[in-house]
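One-letter residues, chain by chain:
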Amino acid sequence: MSFTYRECKVQIERDTFNQQDIYAAWVNHDAGCAIAVPYAATPNEAIKKSKQWIDKRFNLKS
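This one's a predicted model, so the numbers in the text were calculated from it and none came from an experiment. (Residues numbered from 1 in each chain as written. Predicted model: local features only at pLDDT ≥ 70, side-chain atom pairs only at ≥ 80, totals over all residues. Heavy atoms only, no water.)

1. Details of the pattern of salt bridges
Pairing between side chains becomes possible if they bear opposite charge and their charged atoms approach one another.
Step number 1: For the structure on display, the rule yields two salt bridges.
Step number 2: The salt bridge involving R6 is made with D55; its shortest N-O contact spans 3.2 Å. With R6 in the loop between β1 (2-5) and β2 (8-17) and D55 in helix α1 (residues 43-57), this residue pair connects regions lying 49 residues apart in the sequence.
Step number 3: Residue classification places R6 among the partly exposed positions, given a relative accessible area of 35%. (Salt bridge = Lys/Arg side-chain N within 4 Å of Asp/Glu carboxyl O. Helix = DSSP H or I, 4+ residues; strand = E, 2+ residues; numbered from the N terminus. Buried < 20%, exposed > 50% of the residue type's maximum accessible area, 1.4 Å probe, protein only.)

This is the structure in structure tokens:
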């Protein structure tokens, strides 16, 4: 799953660990890309944390 938030492309990836789904969020921006959320228990948590990461990283208010 991917979406755009504040001119950044966010990609949510799903993997399995100990037979449970886990999620991570990559953020692609003008200066490159970063793993903003290395672990989240749900896709909604990964989305929320990735938006917070973008806001903090680029000094934006939500």
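2. A look at α1
Step number 1: Taking 1.5 Å of rise per residue, the 15 residues of α1 would be expected to cover 21 Å, and the 21 Å separating its terminal C-alpha atoms lies within 8% of that figure.
Step number 2: Of the residues making up α1, those classed as buried are A46, I47, S50, I54 and D55. Seen from one end, α1 has its buried residues packed into an arc of 170°, which puts them on one side. Exposed and oriented more than 90 degrees from the buried face of α1 are N44, K48 and K56.
Step number 3: Looking at the packing, one finds that the buried side of α1 touches β1, β2, β3 (20-29) and β4 (32-40).
Step number 4: Just past α1, the residue N59 takes up positive phi, approximately 50°. (Expected span 1.5 Å × (residues − 1). Arc of directions from axis to C-beta. Contact = heavy atoms within 4.5 Å.)

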